[in-house]
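Architecture and fold: a report
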Amino acid sequence: MAGVKALVALSFSGAIGLTFLMLGCALEDYGVYWPLFVLIFHAICPIPHFIARRLSDDSDATSSACRELAYFFTTGIVVSAFGLPVILARVAVIKWGACGLVLAGNAVIFLTILGFFLVFGRGDDFSWEQW
């Protein structure tokens, strides 16, 4: 039952993050939908982890080069997701208020993704690998 509660909490926090993102785009003062391109970064963020988990040897307790490369690519994706709204605001494509809302949404969504892997990535009975 604890896994279901965690899943509901993660769903709620993901919805809050997407609400911040949509507010940064759809409020009447902002009205520009360019910040929605960060959804691409949200979608591709876990892909390096999936590939590294599939390719790396789980018997090795130390860190492997494949996992380290996956961490590097994931970090680059996350930094890019935070950098895109700042660059768009700097060149006056979006307003700074919209940038703040998108950055808040990014923080919530990426913490939700991290929480998902911490809760369901242990390989126990209630794991994301079973889905």
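Residues numbered from 1 in each chain as written. Predicted model: local features only at pLDDT ≥ 70, side-chain atom pairs only at ≥ 80, totals over all residues. Heavy atoms only, no water.

Moving on: the nonpolar core. Counting eleven residues, the largest nonpolar core consists of L21, V38, F41, C45, I77, A81, V102, I109, F110, I113 and F117. Looking at this core, the elements with two or more residues in it are helix 2 (38-44), helix 4 (65-90) and helix 5 (96-120). At five residues, the largest contribution of residues to this core is made by helix 5. (Core = buried A, V, L, I, M, F, W, Y, C linked by side-chain atoms within 4.5 Å. Buried < 20%, exposed > 50% of the residue type's maximum accessible area, 1.4 Å probe, protein only. Helix = DSSP H or I, 4+ residues; strand = E, 2+ residues; numbered from the N terminus.)

According to the stated counting rule, one finds five aromatic pairs in the structure shown. Here the aromatic rings of F72 and F73 are separated by 5.9 Å at their centres, their planes lie at 55 degrees, and the arrangement is tilted. Judged by relative accessible area, which is 59%, F72 ranks as exposed. Relative accessible area serves as the criterion here: at 44%, F73 is assigned to the partly exposed category. An aromatic cluster is defined as three or more aromatic residues linked by ring pairs; in this entry it consists of F50, F116 and F117. (Phe/Tyr/Trp six-rings, centres within 6.5 Å; stacked < 30°, edge-to-face > 60°.)

Another aspect to go through is the packing of helix 3 (residues 47-55) against helix 4. One can describe the packing of helix 3 onto helix 4 by two numbers: an axis separation of 8 Å at closest approach and a directional angle of 175 degrees. What the angle tells us is that helix 3 and helix 4 run roughly antiparallel. Taking contact as the criterion, the partners of P48, H49, A52 and L55 in helix 3 are, on helix 4, C66, R67, A70, F73, T74 and I77. Along the lines of polarity and charge, the residues of the contact of helix 3 with helix 4 split into seven nonpolar, two polar and one charged. (Axes fitted to C-alpha atoms, helices over the stretch in contact; angles between N-to-C directions. Parallel < 35°, antiparallel > 145°, perpendicular 65-115°, else oblique. Contact = heavy atoms within 4.5 Å. Nonpolar A, V, L, I, M, F, W, Y, C, P; charged D, E, K, R; others polar.)

To describe two helices that pack against each other, one gives the angle between their axes and the distance between the axes. In contact at an axis separation of 9 Å, helix 4 and helix 5 are set at 175 degrees when each is read in the N-to-C sense. It follows from the interaxial angle that helix 4 and helix 5 lie roughly antiparallel. Each of V78, A81, F82, P85, V86, A89 and R90 in helix 4 lies in contact with helix 5, whose residues at this interface are W96, C99, V102, L103, N106, A107 and F110. For the contact of helix 4 with helix 5, the per-class residue count stands at twelve nonpolar, one polar and one charged.

This brings us to helix 4. Here helix 4 is 26 residues long and its end C-alpha atoms lie 36 Å apart, about the 38 Å a rise of 1.5 Å per residue gives. Those residues of helix 4 that sit buried are A70, T74, I77, A81, P85, L88 and A89. Where helix 4 is buried, its residues touch helix 2, helix 3 and helix 5. A92, located one to two residues past helix 4, shows a positive phi value of around 65 degrees. (Expected span 1.5 Å × (residues − 1).)

Looking at the chain as a whole, its pLDDT mean stands at 87, while 85% of the residues score no less than 70. The least confident element of the chain is helix 3, whose mean pLDDT is 88; the most confident is helix 2, at 95. (pLDDT = per-residue confidence, 0-100.)

Attention now moves to unusual backbone geometry. Phi is positive for A92, close to 65 degrees, though the residue is something other than glycine. Note that A92 resides in the loop between helix 4 and helix 5.

This part is about the UniProt feature "transmembrane region" (unreviewed entry) in the chain. Look at the UniProt record and you will see "transmembrane region" (unreviewed entry) annotated at residues 6-25, 32-51, 71-93 and 100-121. For residues 32-51, helix accounts for 60% and strand for 0%, while the C-alpha atoms at its two ends are 35 Å apart. Segment residues 71-93 splits into 87% helix and 0% strand. End C-alpha atoms: 31 Å apart. (UniProt positions renumbered as here; feature names shortened; annotations may be inferred.)

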